[in-house]
Amino acid sequence: MLQDPMDFEWSYWIEWGKERILWLLAGHLLVSLVSRLLVEKYKPWCLMVYGMAACWMLLGIKGFAVILLHAAISFAVAQFQLSLLTWLCSLILLSTLRIPAVEEAKRKWYDTENEYYLLVFTVSVRCLFCTSFSLEYCWHGPAQKSSHSFPWMLAYVFYYPMFHNGPLMNFDEFSKQMRRQEAFNLKTNLRILIVGIIRIFFWWCLAELMIHLMYIHALYSSAPPLEAASYWALGGLALAQVLFFYVKYLVLYGVPALLLQMDGLKPPALPCCVSLMHSFTKMWRSFDVGLHRFLVRYIYVPMGGSQSSLLGTLFSTALTFAFVSYWHGGQSYLWYWGALNWLGVIVENGIKRILSISRIQDLI
């Protein structure tokens, strides 16, 4: 049976997974288990070296050099301990992904477009990791600098399970958990691994069934079927698409989350089912938990957040969604998407504030 080929993200990562990434993740798991059994103290450095080797193998020496250069520049700028300068550096590094001349030069490094896109996706996610480390470096005092050294930055940036597509974990969470040495129980870990593999295989089968039977994305790519459909059918298609998006990320985030558990780390919670959500705010908090924590800690709260005036809250929320739109690519449709999400969150929170007024509650 033919499958719907129109969901680029699913097809892309499944192809890479079958080709090389799953094997490299299995290698990471083996290195992690051996280091936890024999040299627990040096586990972060064993995993760092493995992540660097995996990066070199997949992206080549030039791709590896780009990521290492981004990390070195971010670390150098962080020495000034100025958050604004760190953010400026991060945005400039991110913007290099969108310079046509640089894009063309990087394309020539690889034989296929898929290899080039793997570099683009990896570098864009690494930008968030470099930003997290650099801002934590700016905010911590001299006594804590040893835990924010360049080797720790490399251990964080080249940690392989989250390397290509996330999920995102802020540096302080990663560092504290990676330093914590716990008793290793092979039997318990093996049980977690087997149960996790079964769950992920079930989600993958469900996603493949949706791709082979529902043709949601193919329908969306053609105007005539949409024009002929009733409003109820369009609503059903919209629901089917977001449900597929949910199942897809259970797989894409479920695999690295399982490996994080095997490494003794607590991964960000997997996405909540979209059918259980009825608010913009909950959607942003519980779908991509790692990204939400990043946005709140490094953009929303430093800009004032909910503790500032009404205008301050509007501005900090707008800045958060502007960054999300720019990081995802900055195309015009992404700015519209970001603006609509910002509007949804603002309206929702505004209504909550109005309903919290005692007179309104009495009236209700």
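Along each chain, numbering runs from 1 in the same order as the chain's sequence is written. Since the coordinates come from a predicted model, pLDDT governs what is reported: local features require at least 70, and pairs of side-chain atoms require 80 or more to be given and counted, while whole-chain, interface and lining totals use all residues. The basis for every side-chain value is the complete set of heavy atoms in the structure, and neither hydrogens nor water enter the calculation.

(A) Local environment of the overall build of the protein. Strands are runs of DSSP state E lasting at least two residues, helices are runs of H or I lasting at least four, and both sets are numbered from the N terminus onward. Counting its regular elements, the protein contains 16 helices and 0 strands. For 364 residues, the compact-globule estimate of 2.2 N^0.38 gives 21 Å, and the C-alpha radius of gyration of the protein, at 22 Å, lies within 12% of that figure. Burial status follows relative accessibility: with a 1.4 Å probe on protein chains alone, a residue under 20% of its type maximum counts as buried, one over 50% as exposed, and anything between as partly exposed. Taking all 364 residues of the protein together, the buried fraction comes to 47%. Taking the contacts inside the protein whose residues are at least 6 apart along the sequence as the reference set, 72% of them involve residues at least 24 apart. In short, Shrake-Rupley with a 1.4 Å probe defines the accessible areas, and a residue's cover is counted only from the protein chains shown. Of the roughly 19,000 Å² of accessible surface on the protein, 70% is carried by carbon and sulfur atoms. Counting rule applied: Lys, Arg positive; Asp, Glu negative; His and chain ends not counted. Lysine's charge is taken at NZ, arginine's at CZ, aspartate's at CG and glutamate's at CD. Across the protein, the mean location of the 27 positive side-chain charges is 10 Å away from that of the 21 negative side-chain charges. The globule rule used here is 2.2 Å times the number of residues to the 0.38 power, and the radius of gyration it is set against is calculated over C-alpha atoms. Whether two residues are in contact is decided by their heavy atoms: any pair within 4.5 Å suffices.

(B) Geometry of the packing of helix H8 (residues 186–213) against helix H11 (residues 231–262). In contact at an axis separation of 9 Å, H8 and H11 are set at 160° when each is read in the N-to-C sense. By the angle class used here, H8 and H11 are roughly antiparallel. Remark: the crossing between H8 and H11 carries left-handed chirality. Along the contact surface, H8 presents Asn189, Ile192, Leu193, Gly196, Ile197, Ile200, Trp203, Trp204, Leu206, Ala207, Met210 and Ile211, while H11 presents Ala240, Leu243, Phe244, Val247, Leu250, Val251, Gly254, Val255, Leu258, Gln261 and Met262. Here, axes are lines fitted to C-alpha atoms. For helices the fit covers the stretch in contact, and angles between N-to-C directions go from 0 to 180 degrees. An angle below 35 degrees is treated as roughly parallel, one above 145 as roughly antiparallel, one from 65 to 115 as roughly perpendicular, and anything else as oblique. Rotating anticlockwise by less than a right angle from the far helix to the near helix defines a left-handed crossing, while the corresponding clockwise rotation defines a right-handed one.

(C) Focus on H8. Over its 28 residues, H8 extends 40 Å from the first C-alpha to the last, a length consistent with the 40 Å expected when each residue adds 1.5 Å. Along H8, the positions that sit buried rather than exposed are Asn189, Leu193, Gly196, Ile200, Trp203, Ala207, Glu208, Met210, Ile211 and His212. Looking at the buried residues of H8, the elements they touch are helix H1 (8–38) and H11. Just downstream of H8 lies Tyr215, where phi reads positive at about 55°. One less than the number of residues in a helix, times 1.5 Å, gives the span that helix is expected to have.

(D) Spotlight on the packing of aromatic side chains. Ring pairs shown here join Phe, Tyr and Trp side chains whose ring centres sit within 6.5 Å, with only the six-membered ring taken for Trp; geometry is labelled stacked below 30 degrees between planes, edge-to-face above 60, and tilted in between. This model, assessed by the stated rule, comprises 36 aromatic pairs. Residues Trp45 and Trp152 carry aromatic rings whose centres are separated by 5.1 Å and whose planes lie at 65° to one another, so their mutual orientation is edge-to-face. Remark: Trp152 occurs in helix H6 (residues 150–157) and Trp45 occurs in helix H2 (residues 43–78); sequence separation between them is 107 residues. Note on Trp45: relative accessible area 26%, which makes it partly exposed.

(E) Layout of the nonpolar core. If you look at the biggest cluster of nonpolar residues, it comprises 93 residues, and the most contacted ones within it are Leu59, Phe158, Phe174 and Phe323. Per-domain counts for this core show at least three residues from each of domain 1 (8–180) and domain 2 (269–363). Sequence-distant contacts of Phe158, defined by excluding residues within four places in its chain, comprise Leu47, Met48, Gly51, Met52, Cys55, Phe64, Ile67, Leu68 and Phe163. Buried Ala, Val, Leu, Ile, Met, Phe, Trp, Tyr and Cys residues form a nonpolar core when they are joined through side-chain atoms within 4.5 Å. Residue ranges for the domains originate in an automatic or database domain assignment.

(F) Focus on the domain arrangement of the protein. Segmentation of the protein into domains returns domain 1 (8–180) and domain 2 (269–363). Between domain 1 and domain 2, the contact holds 18 residues from the first and 14 residues from the second. Note: buried area is the sum, over both parts, of the accessible area (probe 1.4 Å) each one loses when the two are combined. Of the roughly 1,400 Å² buried between domain 1 and domain 2 on both sides combined, carbon and sulfur atoms contribute 64%. On the domain 1 side of the contact with domain 2, Trp87, Arg98 and Leu128 bury the most area, a combined 36% of that side's loss. We define a salt bridge as a side-chain nitrogen of Lys or Arg found within 4 Å of a carboxyl oxygen belonging to Asp or Glu. The interface formed by domain 1 and domain 2 holds 2 salt bridges in total. Between Arg297 and Glu136 there is a salt bridge, and its shortest N-O distance comes to 2.6 Å. What qualifies as a polar contact is a pair of N or O atoms within 3.5 Å, subject to a donor-acceptor requirement within protein and to the restriction that residues adjacent in sequence count only when both atoms come from side chains. Our count for the contact surface shared by domain 1 and domain 2 stands at 9 residue pairs in polar contact (both at pLDDT 80 or more). Mapped by element, the contributors of at least two residues to the side of domain 1 that touches domain 2 are helix H3 (83–95), helix H5 (113–139) and helix H7 (171–179). All residues other than Ala, Val, Leu, Ile, Met, Phe, Trp, Tyr, Cys, Pro, Asp, Glu, Lys and Arg, Gly among them, are scored as polar; the first ten of these are nonpolar and the last four charged. Residues belonging to the side of domain 1 that touches domain 2 are distributed by class as follows: 9 nonpolar, 5 polar and 4 charged.

(G) Main features of the side chain of Ser134. Topologically, Ser134 is positioned in helix H5. In this structure Ser134 comes out as buried when scored by relative accessible area, which is 1%. Of note is the side chain of Ser134, whose polar atom sits 2.8 Å from the backbone oxygen of Cys130. Setting aside anything within four residues of it in sequence, one finds Ser134 in contact with Ser74, Phe75, Ala78, Thr86 and Met153.

(H) Quick peek at unusual backbone geometry. Note the cis peptide between Gly166 and Pro167, where omega equals 5°. Along the chain, Pro167 turns up in the loop between H6 and H7. Phi is positive for Gln81, close to 55°, though the residue is something other than glycine. Backbone geometry at Tyr215 places phi at a positive 55°, although glycine is not the residue there.

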